[in-house]
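A structural walkthrough
If you want the building blocks of each chain, they are given just below.
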Amino acid sequence: MKTNIIRNIFRVSIASVATLLFVMPVAASTTEGDNTFKIMTINVDGLPAKILLFDVNADGPQMGGSIKISDYIERQACDIVCMQENFNYSEAVGALLDRGYDHDEWSGGLFMDNSKIDWLHLQNLKFPCDGLTTYWKKGIGCQTSERVAWEENFGKFSHCFDDIITKGFRRYELTVREGQDIVVYDLHMDATDTKFADGSRDSLARVAQWTQLREHVLANLDQRPVIVVGDMNSTYKGDPVRTIFLNAIEQTGLASVGDAWVEKANGGEFDGDNLDKIIYINPVGGKKVTPQSCVLDTEGYTYDEKPLGDHYPLIATFAYPDSSTTGLRSAEADTNAPAEYYDLGGRRQPTARKGLNIVSKGNESTVKKVN
């Protein structure tokens, strides 16, 4: 009996300038009755050329290039566009998008006010912005959005300046069309800088961030499919993403997890992947999305044969079948068997504890949150 329980747990359980440069049609809203939607993740490379005396992005797109990025995004006509590094040129990036899209709050850029800088304690300098912004076509509903900062970062004036901004993730509850609800996470993780060290501290920071993200996804998982996108700065070969995120979620028995680019563009292989990812999570017993295509646009994201930014956009199309579902099973299964409690590592505990618990009753296992 104990063997069956454990097996069940892990098996089942600027706008005027833009107008002069480009004249484009308004992005159309999603088609009623269509069961597909298209999502893009794009690092718009919006850091300024300098922060204080430090060169951080001298070869970035700046204002003119950011308007070209806006033109590119509008032409792709994606239903959802998740941006990272949307800092100092946000107005230019959005110049051609406001006609066809709604978006959430911009958190600001990296602007320096010399009169307010504590030059004696620069180690405490941290901008409140996260660089994350998501656009969705008009007609798509956004019920709620949430911004969460990473609990761990590394690198203040080295290692890609990761600790000088408030990196983290944003979570959105969206209705693509009637009956098609999804949850979208847009995020930006720490980068790796090997100029001063071997990058191991950067990797450890990302491990903490993947772990924090996993716990947030599990704590809020319901019937709706979840799509996690962004600049993860992680490869499957370089970081234990499959172990601590994809596999760890599946081992709870709550959901299945996949990577759209791995499945639709790389033959199911996890080698040779991208720093940017589109990961989808389908709750067991809930609604599901299925990737139809996924493209890293290395050809279209150019101007004068040069990339518009330092990351190529990743674009995926998902199908959302119109099918009813009974939703997740509750922890109170239809059995009179006594409940047994385990932590997420599968270790037996005498009672349910605060946080996430795996609850087994008879042959059924599920995860329950205790406040």
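Going by the structure above, here's the rest.
Below or above, wherever it landed, is the structure these notes cover. (Residues numbered from 1 in each chain as written. Predicted model: local features only at pLDDT ≥ 70, side-chain atom pairs only at ≥ 80, totals over all residues. Heavy atoms only, no water.)

The secondary structure content of the chain amounts to 7 helices and 20 strands. The proportion of buried residues among the 371 residues of the chain is 53%. On the chain, roughly 17,100 Å² of surface is accessible, and the fraction owed to carbon and sulfur atoms is 50%. (Helix = DSSP H or I, 4+ residues; strand = E, 2+ residues; numbered from the N terminus. Buried < 20%, exposed > 50% of the residue type's maximum accessible area, 1.4 Å probe, protein only. Areas by Shrake-Rupley, 256 points an atom, 1.4 Å probe, with all protein chains shown as cover.)

Another point: the sheet that holds strand 11 (residues 255-259). Whether parallel or antiparallel, the strands of a sheet pair through hydrogen bonds between backbone atoms. Here 6 strands make up an open sheet; going across it, the order is 7-8-9-10-12-11 and the pairing mixed. In this open sheet, the two edge strands, each paired with only one partner strand, are strand 7 (141-149) and strand 11. On average, each strand axis in the sheet is tilted by 20° relative to the strand beside it, whichever way the strands run. Across 5 bridges, the pairing between strand 11 and strand 12 (residues 276-283) is antiparallel. Within strand 12, the residue paired with Ser-256 across the bridge is Asn-282. Along the sheet, helix 6 (residues 241-251) makes contact with strand 10 (226-231), strand 11 and strand 12, crossing strand 11 at roughly 155°. (Pairing = 2+ DSSP bridges. Axes fitted to C-alpha atoms, helices over the stretch in contact; angles between N-to-C directions. Contact = heavy atoms within 4.5 Å.)

Here we take up the nonpolar core. Among the nonpolar cores identified, the biggest contains 52 residues, and Ile-39, Ile-182, Leu-213, Val-228, Phe-245, Ile-281 and Phe-318 are the most heavily contacted of them. Grouped together as the second largest cluster of nonpolar side chains are 16 residues, Met-40, Val-44, Met-83 and Tyr-301 included. (Core = buried A, V, L, I, M, F, W, Y, C linked by side-chain atoms within 4.5 Å.)

The 6 strands are arranged 5-6-4-1-16-13 in an open sheet whose pairing can be described as mixed. If you trace the sheet from one side to the other, it starts and ends with strand 5 (101-103) and strand 13 (290-296), each paired once. Neighbouring strand axes in the sheet, compared pairwise and without regard to direction, differ in orientation by 20° on average. Two elements, strand 5 and strand 6 (residues 133-137), share 3 bridges in a ladder whose sense is antiparallel. Note that in strand 6 the partner of Asp-102 across the bridge is Trp-136. Relative to strand 1 (residues 36-43), helix 3 (residues 62-76) is tilted by about 165°, and along the sheet it contacts strand 1, strand 4 (80-84) and strand 16 (314-319).

Moving on: unusual backbone geometry. Negative phi values dominate among residues other than glycine, just as trans dominates among peptide bonds. At Gln-62, a residue that is not glycine, the phi angle is positive and equals roughly 55°. Inspection of the secondary structure assignment puts Gln-62 in helix 3. The phi dihedral of Asn-233 falls on the positive side, at around 50°, and the residue is not glycine. Note that Asn-233 resides in the loop between strand 10 and helix 6.

What follows covers the environment of Gly-238. On the secondary structure map, Gly-238 appears in the loop between strand 10 and helix 6. Taking relative accessible area as the criterion, Gly-238 reaches 53% and is therefore assigned exposed.

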